[in-house]
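# Chains, contacts and geometry: an overview
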Amino acid sequence: MKYQNLGLTDLKVSKICLGTMTWGCQNNQDEAFEQMDYALSKGVNFWDTAEMYAIPPTPQTYGTTEVMIGNWFEKSKKRNEVILATKFSPLPWARNEKVPETNKANIVEAVDQSLKRLKTDYIDLYQLHWPTNRANYHFANWWDFEKSLQNLEKDKIIENKIEILQVFQQLIDQGKIRHIGLSDDSSWGIKQFVDLSERHNLPRISSIQNEYSLLRRRDEYDVAETCALEGVSYLPWSPLAMGVLSGKYVDRHFPDFPKNSRFSKEVMNDGWDRYKTRVELNTNNAVKKYLEIAKKYNLDPCQMAIAFTLSKKWVTSTIIGATTMPQLKTDIAAIGIEISQECLKEINEVYQQYPVPF
């Protein structure tokens, strides 16, 4: 395994991060335990979860993933071997509010609940799952994205960010969290948090996790530059585009998907909606091209997709997720794959053909 500092902290995180969102819906606790045991044995010391997991989020599955991780900590006694990241997820059933706010009271409550479920005294990296007080173009919302344009809105946004940083300072002082990060945010959002922390002597954002893969490369521009220049670790999620880059869905349509695949399950149909809108023209054809490249260079397509994200100097750790042990083993083994310049050149040629395939 390879390691890199998380942001400007002294935490050395594995370049492969274990994603956990399937535990509690697609995976049971025994399977989750097996994944945790194996990942740690391979040097994967960086694990990511969220209070809203398992996915898809429901009142019934909310918090179950953290509970499983907590049960593993209790059984294994290996909490100190893991750098654990979780997230504040503003969902109605989590806060008993129709439109939950990211504010002091809700963050304090969420941290305490996560600590209880995780059976730990501290969280290494506590993240905001997505912005709540301004428009957000993530989760494929960019086609109809309407950004905030009023100075008054900016004033409220900045006021809220200061409140958030202040409560994070309180939680750090109490020893409940060690470092803070963002998820599904923009270059502007990252820079505002960095500037405010410096201006007010408050905790500094250490990381941002956004969707990034061969099929979703928007962040290579402004977000990547902001992270690189500001010392913020970039953590790609969904490097396999929810399994689409494996090739298992090529030329197939719901419900004719491989048995037990993510999109074959009715509960995951909403996820497929992100890809199917333009799949006939773009996604399907782009994936075919990437599969051809993988075959030409004798690479497993999943490993090529993960190794592609790790080839970027501004990427600190790529978040993988698996529902089976063979998938997990393949994904973790991608750490040993070096993509040649010739292969990267062909990947970029496909990217020029299909820059925004979904």
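Below or above, wherever it landed, is the structure these notes cover. None of the values given here were measured: they were computed from a predicted structure.

Moving on, we get to the side chain of T65. For T65, the position within the fold is in helix 2 (residues 64–76). On the accessibility criterion, T65 (0% relative accessible area) is buried. Ignoring anything within four residues of it in the chain, the contact list for T65 reads T20, M21, W23, T49, Y53 and A54.

Here the focus is the environment of P236. Inspection of the secondary structure assignment puts P236 in strand 9 (residues 233–237). With relative accessibility at 0%, the residue P236 sits in the buried group. Expressed as a C-alpha distance, the spacing of P236 and S213, which sit 23 residues apart in the sequence, is 7.5 Å. Each residue touching P236, except ones within four places of it in the same chain, is listed here: N210, Y212, T309, V315, S317, T318 and I319.

What follows concerns the packing of helix 1 (residues 29–41) against helix 11 (residues 325–333). Where helix 1 meets helix 11, the closest approach of the two axes is 11 Å, and the angle between their N-to-C directions is 25°. One finds that helix 1 runs roughly parallel with respect to helix 11. Considering only the axes of helix 1 and helix 11, their crossing is right-handed. In this structure, helix 1 contributes E34, Q35, Y38 and A39 to the contact, and helix 11 contributes M325, L328, K329 and I332. Across the contact of helix 1 with helix 11, the residue classes break down as 5 nonpolar, 1 polar and 2 charged.

Mapped onto the secondary structure, T61 falls in the loop between strand 4 (46–48) and helix 2. Setting aside its immediate chain neighbours within four residues, T61 contacts G24, Y53, A54 and P56.

Scanning the entire structure with this criterion turns up 3 cavities of 30 Å³ or more. Each pocket or cavity is described by its volume, and for the largest cavity that value is around 100 Å³. Residue lining of the largest cavity: 14 residues in total, with L128, W130, P131, T132 and F193 positioned closest to the centre. Taken together, the elements giving at least two residues each to the lining of the largest cavity come down to helix 5 (151–173) and strand 7 (177–183). Residue classes in the lining of the largest cavity are distributed as 6 nonpolar, 5 polar and 3 charged.

It is worth spelling out a negative patch on the surface at this point. Negative charge collects at one region of the surface, where D30, E31, E34 and D37 lie side by side. Its location among the elements puts D30 in helix 1.

The next subject is the packing of helix 2 against helix 4 (residues 104–118). Close contact between helix 2 and helix 4 brings their axes to 6 Å; oriented N to C, the two are set at 45°. Our classification of the angle between helix 2 and helix 4 gives oblique. Of helix 4, the residues touching helix 2 (which contributes E66, V67, I69, G70 and F73) are S114, R117 and L118.

Taking 1.5 Å per residue as the helical rise, helix 12 (residues 341–353) with its 13 residues ought to reach 18 Å, and the 19 Å between its terminal C-alpha atoms agrees with that figure. Every buried residue of helix 12 is listed here: C343, L344, E346, I347, V350 and Y351. Down the axis, helix 12 shows its buried residues gathered within 160° of arc, on one side only. Those residues of helix 12 that are exposed and aimed more than 90 degrees away from the buried face are Q341, K345 and Q352.

Quick notes on the rules
- Residues numbered from 1 in each chain as written.
- Predicted model: local features only at pLDDT ≥ 70, side-chain atom pairs only at ≥ 80, totals over all residues.
- Heavy atoms only, no water.
- Helix = DSSP H or I, 4+ residues; strand = E, 2+ residues; numbered from the N terminus.
- Buried < 20%, exposed > 50% of the residue type's maximum accessible area, 1.4 Å probe, protein only.
- Contact = heavy atoms within 4.5 Å.
- Axes fitted to C-alpha atoms, helices over the stretch in contact; angles between N-to-C directions.
- Parallel < 35°, antiparallel > 145°, perpendicular 65-115°, else oblique.
- Left-handed = near helix turned anticlockwise from the far one by under 90°.
- Nonpolar A, V, L, I, M, F, W, Y, C, P; charged D, E, K, R; others polar.
- 1 Å grid on protein atoms, 1.4 Å probe; cavity = no way out; pocket = protein on both sides within 12 Å on 5 of 7 lines; lining within 4 Å.
- Points joined across faces, edges and corners; volume = space filled by probe spheres on them.
- Patch = residues over 30% accessible without salt bridge, like charges linked within 9 Å, V, L, I, M, F, W, Y side chains within 5 Å.
- Areas by Shrake-Rupley, 256 points an atom, 1.4 Å probe, with all protein chains shown as cover.
- Salt bridge = Lys/Arg side-chain N within 4 Å of Asp/Glu carboxyl O.
- Lys, Arg positive; Asp, Glu negative; His and termini not counted.
- Charge placed at Lys NZ, Arg CZ, Asp CG, Glu CD.
- Expected span 1.5 Å × (residues − 1).
- Arc of directions from axis to C-beta.

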